[in-house]
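# Structural overview
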There are 4 protein chains.
Amino acid sequence: MSPVEKLTEEQIASGLEGVPGWAVKEGKLHRVFQFSDFNEAFGFMTRAALVAESMNHHPEWFNVWNRVVVDLSTHDVGGISGKDFELAGKMNELSGNG
Amino acid sequence: MSPVEKLTEEQIASGLEGVPGWAVKEGKLHRVFQFSDFNEAFGFMTRAALVAESMNHHPEWFNVWNRVVVDLSTHDVGGISGKDFELAGKMNELSGNG
Amino acid sequence: MSPVEKLTEEQIASGLEGVPGWAVKEGKLHRVFQFSDFNEAFGFMTRAALVAESMNHHPEWFNVWNRVVVDLSTHDVGGISGKDFELAGKMNELSGNG
Amino acid sequence: MSPVEKLTEEQIASGLEGVPGWAVKEGKLHRVFQFSDFNEAFGFMTRAALVAESMNHHPEWFNVWNRVVVDLSTHDVGGISGKDFELAGKMNELSGNG
């Protein structure tokens with residue numbers, strides 16, 4: 001799927017099968033990551049930041065202590081695109097529990 | 001003021017004078033930091049993470065692109081303590097606009 | 001200048017004028033950055049890491065406490081390329097003393 | 001063993017048994033960490049930076065791409081102390097291959 005087109009509901013449903021732990025919430029790809037402590041959580045965030053900056057596609061994310069809550073959407077298309085699924089998949093890999 | 005006691009409203013009002021940009025919101029010290037881009041925002045977060053981990057006192061924070069929204073409170077006292085003001089002050093220094 | 005060609009000595013001499021603090025050492029662009037403490041040094045490294053990863057062009061660098069020593073070269077051309085000057089310039093910007 | 005005393009050769013030899021991969025080189029605890037790419041290497045460095053800053057005990061380290069070379073010693077005692085072994089052990093844990 002093209003990274004810059006808004007995905008249909010069907011495409012999103014299909015895409016979700018490839019990124020365990022993610023769901024659609026308020027029109028965005030959403031996942032809560034739980035780590036053992038702040039150190040592990042922030043290590044994950046740094047690695048995800050390197051990926052996001054390279055993709056020029058950045059998450060909305062919230063952190064407190066060992067928890068990282070992520071919401072992904074693509075502003076330019078007003079919805080969810082292939083880029084969101086790509087970043088979701090990479091975050092799963094980096095989190096070690098994807 | 002002791003870092004581990006819950007501050008009174010008067011103490012909080014007084015403390016806020018020392019940390020420009022911060023206000024009380026829903027019982028927490030709250031500030032929105034705005035940077036020029038993701039790179040600068042995440043550089044700030046990394047420096048603040050080093051401070052927070054050293055203090056063993058961690059923020060609730062949200063980031064999207066160039067914006068970092070921070071909420072500080074002290075779980076152990078069920079409110080705002082001197083530790084929150086200490087971290088708020090250090091974040092102001094690190095942000096370059098405190 | 002093209003980022004993927006090996007620069008001549010003349011081109012390097014000319015390029016150095018645009019990146020204060022850098023010199024050629026053992027065939028690489030070399031600079032020592034001095035910060036106020038580890039926090040500031042590692043904040044710089046994180047921001048530089050985001051740039052390097054986006055460029056897919058990574059430094060050789062050494063850190064101890066408040067000091068970061070950087071060497072830049074381009075393996076593919078066996079010397080110094082425009083990419084090294086680009087990264088050197090960005091590091092100067094990020095360091096706040098370029 | 002006390003973290004602020006210079007260790008004897010015997011104590012060092014004994015300590016090395018607890019931190020696989022580390023050896024003494026030029027009077028410092030020395031290890032080379034190898035990761036899969038820059039992303040993983042820098043994620044490790046960020047996590048180690050959080051630990052080092054909390055301990056107020058910082059490494060000498062060198063990075064290029066997926067490789068991180070670490071040297072640990074304790075300036076105050078002019079040699080290797082228990083703090084170096086503590087940091088070495090934590091780095092092993094963080095690296096996932098200690």
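Refer to the structure above for everything that follows.
Residues numbered from 1 in each chain as written. Chains lettered and ligands numbered in written order. Predicted model: local features only at pLDDT ≥ 70, side-chain atom pairs only at ≥ 80, totals over all residues. Heavy atoms only, no water.

### Some remarks on the overall build of chain A
Our working rule: Runs of E in the DSSP output that reach at least two residues are strands. Runs of H or I that reach at least four are helices, and both are numbered from the N terminus. Here the term buried applies to any residue with accessible area under 20% of the maximum for its type, exposed to any over 50%, and partly exposed to those in between, with areas from a 1.4 Å probe on protein chains only. Residues are treated as being in contact if the distance between any of their heavy atoms lies within 4.5 Å.
In terms of regular secondary structure, chain A is built from three helices and four strands. Along its sequence from the N terminus, chain A presents helices and strands in the succession α-β-β-α-β-β-α. Projecting the C-alpha coordinates of chain A onto the three principal axes gives extents of approximately 35 × 25 × 20 Å. Counting across all 98 residues of chain A, residues that qualify as buried make up 53%. Long-range contacts, defined as pairs at least 24 residues apart, comprise 67% of the intrachain contacts of chain A with a sequence gap of at least 6.

### Brief notes about the relation of the copies chain C and chain B
The cut-off we apply is this: The atoms used to superpose the copies are C-alpha atoms, taken from residues with pLDDT of at least 70 in both, and the fit is least squares.
After a rotation of 180° and a shift along the axis of 0.0 Å, chain C superposes on chain B with an RMSD of 0.0 Å. In symmetry terms, the pair is related by a two-fold rotation axis. The position closest to the rotation axis in chain C is occupied by the C-alpha of Gly43(C), lying 2.6 Å away. Take the interface residues of chain C: 100% of them recur as interface residues in chain B, which is what a same-surface contact looks like.

### Section: the interface of chain C and chain B
Going by this rule: Buried area adds together the accessible area that both of two parts lose upon being put together, with accessible area traced by a 1.4 Å probe. The term salt bridge refers to a side-chain nitrogen of Lys or Arg lying within 4 Å of a carboxyl oxygen of Asp or Glu. Polar contact criterion, stated in full: a pair of N or O atoms within 3.5 Å, where within protein one must be able to donate a hydrogen and the other to accept it, and residues adjacent in sequence count only if both atoms are side-chain atoms. Here the term charged refers only to Asp, Glu, Lys and Arg, the term nonpolar to Ala, Val, Leu, Ile, Met, Phe, Trp, Tyr, Cys and Pro, and the term polar to all other amino acids, Gly among them.
Contact residues are listed per partner, giving 10 residues for chain C and 10 residues for chain B. Counting the surface lost from both chain C and chain B, the interface buries some 810 Å², and carbon and sulfur atoms represent 62% of this. Summed over the shared surface of chain C and chain B, the result is zero salt bridges. Summed over the shared surface of chain C and chain B, the result is two residue pairs in polar contact (both at pLDDT 80 or more). For the side of chain C that touches chain B, the leading source of residues is helix α2 (residues 38–55) of chain C, giving nine residues. When its residues are assigned to classes, the side of chain C that touches chain B shows five nonpolar, three polar and two charged.

### Overview of the packing of aromatic side chains
Note the cut-off: In summary, the pairing rule links any two rings of Phe, Tyr or Trp, Trp by its six-membered ring, whose centres are within 6.5 Å, and it sorts them by plane angle into stacked for under 30 degrees, edge-to-face for over 60 and tilted for everything else.
Tallying each qualifying case throughout the model produces 26 aromatic pairs over all chains. When the ring of Phe38(B) is compared with that of Phe42(B), the centres are 5.8 Å apart and the planes differ by 25°; the resulting orientation is stacked. With a gap of four residues between them, Phe38(B) and Phe42(B) both fall in helix α2 (residues 38–55), about one helical turn apart. As far as burial versus exposure is concerned, Phe38(B) and Phe42(B) are alike and both buried. Aromatic ring contacts, followed pair by pair, group Phe38(A), Phe42(A), Trp61(A), Phe38(B), Phe42(B) and Trp61(B) into a single cluster.

### Quick look at the interface of chain A and chain B
With 15 residues of chain A in contact, the opposing surface of chain B contributes 15 residues. Summed over both sides, the interface between chain A and chain B buries roughly 1400 Å², with carbon and sulfur atoms accounting for 71% of that surface. Between the two partners, chain A and chain B, sit zero salt bridges. At the junction of chain A and chain B, the tally comes to two residue pairs in polar contact (both at pLDDT 80 or more).

### Details of the sheet that holds strand β2 (residues 28–34) of chain D
Formally: DSSP-based pairing: two strands are paired if at least 2 bridges between them are found. Fitted lines through C-alpha atoms serve as axes, helices being fitted only where they are in contact, and the angles separating the N-to-C directions of these axes extend from 0 to 180 degrees.
Taking strand neighbours across the sheet as the criterion, the eight strands line up as β1(C)-β2(C)-β4(C)-β3(C)-β3(D)-β4(D)-β2(D)-β1(D) in an open arrangement whose pairing is antiparallel. Each end of this open sheet is capped by a strand with a single partner; those strands are β1 (23–25) of chain C together with β1 (23–25) of chain D. Strand-to-strand twist in this sheet, taken as the mean axis angle between neighbours without regard to direction, amounts to 25°. As judged from the three bridges shared by β1(C) and strand β2 (residues 28–34) of chain C, these two strands associate in the antiparallel manner. Pairing of Lys25(C) across the sheet is with Lys28(C), part of β2(C). Sheet strands in contact with helix α3 (residues 82–95) of chain D are β2, β3 (60–64) and β4 (67–72) of chain D, and its direction is about 5° off that of β2(D).

### A short note on the nonpolar core
Threshold: Residues enter a nonpolar core if they are buried and are Ala, Val, Leu, Ile, Met, Phe, Trp, Tyr or Cys, with the set joined through side-chain atoms within 4.5 Å.
In this structure, Trp61(A), Trp61(B), Trp61(C) and Trp61(D) are the most contacted members of the largest nonpolar core, which totals 108 residues. Here Trp61(A) is in contact with Met45(A), Ala48(A), Ala49(A), Val68(A), Val69(A), Val70(A), Met91(A), Phe38(B), Phe42(B), Trp61(B), Phe62(B) and Asn63(B), once residues within four sequence places are set aside.

### Focus on the relation of the copies chain A and chain B
Here chain A sits on chain B after a turn of 180° about the axis and a move of 0.0 Å along it, with an RMSD of 0.0 Å. In this assembly, 100% of the residues forming the interface of chain A have copies in chain B that are likewise at the interface, indicating an isologous arrangement.

Purely geometric numbers; function is a separate question.
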